[in-house]
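Structural characterization, general
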Amino acid sequence: NEVGKRIRLSRILRNDRAVVFAFDHGVEHGPSDFPPEHVNPRVILEKVVDAGVDAIMMLPGIARLTWDIWGNKTALIIKVTSKTNLRPKDERLLQSPFGFVEDAVALGADAVAATVYWGSQYEDLMLQRWFTIRDAAETYGLPCLQLAYPRGPAIANRYDVEIVRYGARAAAESGADLIKTYYTGSLETFREVVKAASGVPVLMSGGPRREKEIDFLRDVWNVIQAGGKGVVVGRNVFQHKNPKAMIKAVKAVVHENKTPEEAVKL
Ligand code: FBP
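Thresholds, definitions, all that
- Within each chain, residue numbers correspond to sequence positions counted from 1 in written order.
- Given that this is a predicted model, residues contribute local features only at a pLDDT of at least 70 and side-chain atom pairs are listed and counted only at 80 or more, while totals for whole chains, interfaces and linings are drawn from all residues.
- Think of the side-chain values as coming from all heavy atoms in the structure, minus any hydrogens and water.
- Aromatic contacts are taken between Phe, Tyr and Trp rings whose centres are within 6.5 Å, Trp giving its six-membered ring; a plane angle under 30 degrees counts as stacked, one over 60 as edge-to-face, and the others as tilted.
- A run of H or I in DSSP counts as a helix once it spans at least four residues, and a run of E counts as a strand once it spans at least two, with each numbered from the N terminus.
- Only protein chains enter the accessibility calculation, which uses a 1.4 Å probe; a residue whose area is less than 20% of its type maximum is buried, one above 50% is exposed, and one in between is partly exposed.
- Using only the protein atoms, space was sampled on a 1 Å grid; points where a 1.4 Å probe fits but cannot get out form cavities, open sets with protein on both sides within 12 Å along at least five of seven lines form pockets, and lining residues are those with an atom within 4 Å of a point.
- Grid points are joined across faces, edges and corners, and a volume is the space filled by probe spheres set on the points.
- We call Asp, Glu, Lys and Arg charged. Ala, Val, Leu, Ile, Met, Phe, Trp, Tyr, Cys and Pro are nonpolar, and the rest, Gly among them, are polar.
- Only heavy atoms matter for contacts: two residues are in contact if any of them lie within 4.5 Å across the pair.
- We treat two strands as partners when DSSP finds at least two bridges between them.
- With axes taken as lines fitted to C-alpha atoms, and helix axes fitted only over the stretch in contact, angles between N-to-C directions fall between 0 and 180 degrees.
- Two N or O atoms form a polar contact when they lie within 3.5 Å of each other; inside protein one atom must be a possible hydrogen donor and the other a possible acceptor, and for residues adjacent in sequence the pair counts only when both atoms belong to side chains.
- Relative orientations are named as follows: roughly parallel for angles under 35 degrees, roughly antiparallel for angles over 145 degrees, roughly perpendicular for angles from 65 to 115 degrees, and oblique for any other angle.
- Rotating anticlockwise by less than a right angle from the far helix to the near helix defines a left-handed crossing, while the corresponding clockwise rotation defines a right-handed one.

The next thing to look at is the packing of aromatic side chains. Enumeration according to the criterion identifies 8 aromatic pairs in this entry. A centroid spacing of 6.5 Å and a plane angle of 70° characterise the contact between F23 and F238, whose relative ring orientation is edge-to-face. Here F238 lies in helix α10 (residues 235-238) and F23 lies in strand β1 (residues 18-23), a separation of 215 residues in the sequence. The exposure classification of F23 matches that of F238, with both residues buried. Members of the aromatic cluster, connected to one another through ring pairs, are F21, F23, F34 and F238.

For the rest of this paragraph, the subject is unusual backbone geometry. Backbone geometry places D16, a non-glycine residue, at a positive phi of 75°. For D16, the location among the structural elements is in the loop between α1 (2-12) and β1. Taking the relative accessible area as the measure of exposure, D16 reaches 41% and is therefore partly exposed. One non-glycine residue, N72, adopts positive backbone phi at about 65°. By the element assignment, N72 lies in the loop between α4 (60-70) and β3 (75-79). Note on N72: relative accessible area 86%, which makes it exposed.

What follows deals with the layout of surface pockets. By volume, the largest pocket is sized at about 750 Å³. Lining the largest pocket are 37 residues, and of these R151, R158, Y159, Y182 and R235 lie nearest its centre. Among the elements of the structure, α2 (25-28), β6 (111-118), β7 (144-150), β9 (202-205), α9 (213-225) and α10 are those that each provide at least two residues to the lining of the largest pocket. Residues belonging to the lining of the largest pocket are distributed by class as follows: 14 nonpolar, 11 polar and 12 charged. By volume, the second largest pocket is sized at about 240 Å³.

A separate point is the environment of A249. Mapped onto the fold, A249 is located in helix α11 (residues 243-256). Exposure remark for A249: the relative accessible area of 4% places this residue in the buried category. What A249 contacts, discounting residues up to four positions off in sequence, is L217, A263 and L266.

Before going further, it helps to spend a moment on the sheet that holds strand β2 (residues 55-58). Read around the barrel, 8 strands follow the order β1-β2-β3-β6-β7-β8-β9-β10 and close on themselves; strand pairing throughout is parallel. On average, each strand axis in the sheet is inclined to that of its neighbour by 25°, with strand direction left out of account. Pairing between strand β8 (residues 178-181) and β9: 3 bridges, direction parallel. In the sheet register, T181 faces β9, and the bridge partner there is M204. Each of β1, β2, β3, β6 and β8 touches α1; the most contacted strand, β3, lies at about 105° to it.

A few words now on the side chain of E28. Following the sequence through the fold, E28 ends up in helix α2. Residue class for E28 comes out buried when judged on its relative accessible area of 10%. Reaching out from E28, the side chain makes a polar contact with the side chain of K79 at a distance of 2.8 Å. There is a polar contact of 3.4 Å between the side chain of E28 and the side chain of K83. Ignoring anything within four residues of it in the chain, the contact list for E28 reads K79, T81, S82, K83, N85, Q95 and Y117.

Another aspect to go through is the packing of α9 against α11. It is at 9 Å that the axes of α9 and α11 come closest, and there the two elements cross at 30°. Viewed along their axes, α9 and α11 adopt a mutual orientation that is roughly parallel. As α9 runs across α11, the sense of the crossing is right-handed. Here α9 contributes E213, F216, L217, V220, W221 and I224 to the contact with α11, which in turn contributes M246, A249, V250, V253 and V254. In terms of residue class, the contact of α9 with α11 is made up of 10 nonpolar, no polar and 1 charged.

Quick look at the environment of S205 now. Relative to the elements of secondary structure, S205 occurs in strand β9. According to the relative accessible area criterion, S205 is buried, its value standing at 11%. For S205 and L9, which are 196 residues apart along the polypeptide, the C-alpha to C-alpha distance reads 18 Å. Apart from the residues within four sequence positions on either side, S205 is in contact with Y149, K180, T181, Y182 and V232.

Written as structure tokens, this is what we have:
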């Protein structure tokens, strides 16, 4: 199964780097996260596939409804944990099972993804679930992407480098094959995150929509210069007026080492 994992990982990390479209917001934030033209998942998925995104991360239900768009065109990462914002605030620090590793296998996925909120009062339960998922994924040679998100009552600033690198290290120690985490605000600090991850590829989590695309591209550039392997981006693409151009610009920074100033002109 190590061989299967390596083959699947290489479908996501093209030449060791990846631009992944995050598309689990319909549950995590609700449909109000999408501009009206993108409430229909098919419309935005067609655009990102057309722009040549490397992989899409989504929940099993939407993957089943849209397979004819992405099938055989991009790699697929199936996320099997989620939560809604309809929950009481305190309970939003726990993600629930949202499918099974077998759903990912049945869909032909290249990886499975799950969130761990490091520092949450539900950390113990989330870790039990993480290891159950990881155990099953191992059997099928499926790599596991961990959304290693530090958040909880004792965490004042979830973007603080000390906090983010702690989460990244914990993700590596829990056997993640890929780590998705917060950008810490600078190249120097993100270098520390990459170091703490001890060789496990680190991808930046996109975050809320930046007003100016150049600012987002600068973050991505810093992540790559710091040794990060790419980005998993949702809102900065589907809330942008031109999602295709945004994917192309991010790809130019990640895969072609273009500067943000060059990429923004594409
Ligand atoms: P974005 O690029 O939109 O930040 O997407 C990354 C992501 O982790 C999504 O996978 C998820 O739906 C969302 O952010 C969760 O955001 P938060 O928990 O911060 O509200």
